Amino acid sequence: MIITTTWYLLLAAILFSIGTTGLLVRRNPLIMFMCIELMLNAVNITFVSIGSHLNDLGGQLAVFFVLVVAAAEVVIGLALVVAIMRRRSRTNADDLKILGG
Amino acid sequence: METVVFLISAAVILSGALGVIFSKNPVHSALFMVQTLFGVAVLFVLLEATFLAAIQVIVYAGAIVILFVFVITLLGVDRAEDLKVEPISGQRPLAVVIGASIFGIILTVLILAVGGPTGEQAANNPLGNATDNTRILGEALFSTQVFSVELTALLLTVAVVGAVVLSTRPTKPLISSLDEKQNETVEEEGGE
């Protein structure tokens, strides 16, 4: 069995689906962020494998920027979680329905 | 050899991903995420993206996971979440259906593309071999992509400033009556 690009794409698809399911199922915001990271990693695998398939550097360049954006997103997201937790003792995505007024 | 490495790292990645979403304790989820990220780093090495593999380990498994663990310990939310309670009825089956249908859509595309992905081979941005990877990536980042790199610097600066602003305690409330009302709700909940 030879590993072709399709195998990498299949793995990325499974990883992305697991991340999506986790994001929808879990209610702890921290774990929801982790699921977003899983989805971003799935996309990174896709980028690098397609780039390798087409002998193109563009895929790796895209992954570089995705990494930076992921880092920024996590920093802001966790700061928001800390700010919310300071007011409310529990963290739970459903508790944020108070934002509805 | 490549097949064996791919299969092992695929198993590591998927078991880690399942561990993230099935762990009751957030700390365990963070550790399972490290497992997944290391598996992805191995795949990057396999695809000869050596620089990205190193960055994956340093930035993701190093910095981002440490940030997660810091927040988990800082907030004391290391209490186990009861996974058996379903807050909104029908949420879980629906979530699984949505996840499975996304997988089904991607799988359909992969099956339809019989000979694997197609496309033009790179003309002006070729991928070097593994030993040259870092140099080629660096040259591209600081020549053709230099504007994006500068924007990245701006983004990171904004993120750092935003994080500091969000995490400082407000010295005086902006609207006093609103703040009192919120304090009351917090106290009520503390009593529960």
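What you see is a predicted model, and the numbers here were worked out from it, not measured in a lab.

The number of helices and strands found in chain B is 7 helices and 0 strands. Within chain B, the proportion of its 192 residues that are buried is 20%. Summarising the internal contacts of chain B: among those between residues at least 6 apart in sequence, 53% fall at separations of at least 24.

Glancing now at helix α3 (residues 58–87) of chain A. Because the α-helix completes a turn every 3.6 residues, residues three or four places apart line up on one side. An ideal rise of 1.5 Å per residue puts 44 Å on 30 residues; α3(A) measures up with 44 Å between its terminal C-alpha atoms. If you check which residues of α3(A) are buried, you get A:G59, A:Q60, A:L61, A:V63, A:F64, A:L67, A:V74, A:V75, A:L78, A:A79 and A:V81. Buried residues in α3(A) make contact with α2 (29–53) of chain A together with α3 (50–75), α5 (133–141) and α6 (146–167) of chain B.

Turning to unusual backbone geometry, a few remarks are in order. Backbone geometry at A:N55 places phi at a positive 55 degrees, although glycine is not the residue there. With respect to the helices and strands, the residue A:N55 is situated in the loop between α2 and α3. Positive phi values are uncommon outside glycine, yet B:E48 reaches one of about 65 degrees. Here B:E48 lies in the loop between α2 (26–46) and α3.

Quick look at the environment of A:I3 now. Looking at where A:I3 falls in the secondary structure, it is placed in the segment before α1 (5–25). What makes A:I3 partly exposed here is the crowd of 17 C-beta atoms within 10 Å. Residues in contact with A:I3, not counting those within four places in the same chain, are B:E2, B:T3 and B:F6.

Within the largest apolar cluster, 59 residues are counted, with the highest numbers of intra-cluster contacts made by A:A12, A:L15, A:M34, B:V20 and B:F44. Among the elements of the structure, α1, α2 and α3 of chain A together with α1 (2–22), α2 and α3 of chain B are those that each provide at least two residues to this core. Per-element tally for this core: the top contributor is α2(A), with 11 residues. Residue contacts for A:A12: discarding those within four places in its chain leaves A:A42, A:I45 and A:T46.

On to the interface of chain B and chain A. Tallying the contact residues gives 72 residues for chain B and 69 residues for chain A. Looking at the side of chain B that touches chain A, the elements that each hand over two or more residues are α1, α2, α3, α4 (91–112), α5, α6 and α7 (176–190) of chain B. Per-element tally for the side of chain B that touches chain A: the top contributor is α4(B), with 11 residues.

All names here are of chain B. By the secondary structure assignment, F22 is in helix α1. Overall, F22 belongs to the partly exposed group, with 14 C-beta atoms counted inside 10 Å. For the pair F22 and F32, spaced 10 residues apart in the sequence, the C-alpha separation amounts to 10.0 Å.

All names here are of chain A. A rise of 1.5 Å per residue sets the reference length of α2, with its 25 residues, at 36 Å; its end C-alpha atoms lie 36 Å apart and thus fit the reference within 8%. Counting buried residues in α2 gives 19 out of 25 residues, a clear majority hidden from the surface. Directly beyond the C-terminal end of α2, a positive phi value near 55 degrees is found at N55.

Time to look at the packing of α2(A) against α3(A). Geometrically, a packed helix pair is captured by the angle between its two axes and the distance between the axes. Residues and elements named next belong to chain A. In contact at an axis separation of 9 Å, α2 and α3 are set at 175 degrees when each is read in the N-to-C sense. Viewed along their axes, α2 and α3 adopt a mutual orientation that is roughly antiparallel. For the pair formed by α2 and α3, the contact residues are P29, L30, F33, E37, L40, V43, N44, F47, V48, I50 and G51 on the first element and G58, G59, Q60, A62, V63, V66, A70, V74, G77 and V81 on the second. Broken down by class, the residue content of the contact of α2 with α3 amounts to 14 nonpolar, 6 polar and 1 charged.

What follows concerns the confidence of the model for chain B. Keep in mind that low pLDDT regions are not for reading the predicted coordinates in detail. Residues and elements named next belong to chain B. Summing up the model confidence of chain B, the mean pLDDT is 82 and the portion of residues at 70 or higher is 80%. The secondary-structure element of chain B with the lowest mean pLDDT is α7, recorded at 54, while α1 shows the highest, at 94. Both confidence scores are given for the complex: pTM 0.85, ipTM 0.90.

Cut-offs and rules
- Residues numbered from 1 in each chain as written.
- Chains lettered and ligands numbered in written order.
- Predicted model: local features only at pLDDT ≥ 70, side-chain atom pairs only at ≥ 80, totals over all residues.
- Helix = DSSP H or I, 4+ residues; strand = E, 2+ residues; numbered from the N terminus.
- Buried ≥ 20, exposed ≤ 12 C-beta atoms within 10 Å, placed from the backbone.
- Contact = placed C-beta atoms within 7 Å.
- Expected span 1.5 Å × (residues − 1).
- Core = buried A, V, L, I, M, F, W, Y, C linked by C-beta atoms within 7 Å.
- Axes fitted to C-alpha atoms, helices over the stretch in contact; angles between N-to-C directions.
- Parallel < 35°, antiparallel > 145°, perpendicular 65-115°, else oblique.
- Nonpolar A, V, L, I, M, F, W, Y, C, P; charged D, E, K, R; others polar.
- pLDDT = per-residue confidence, 0-100.

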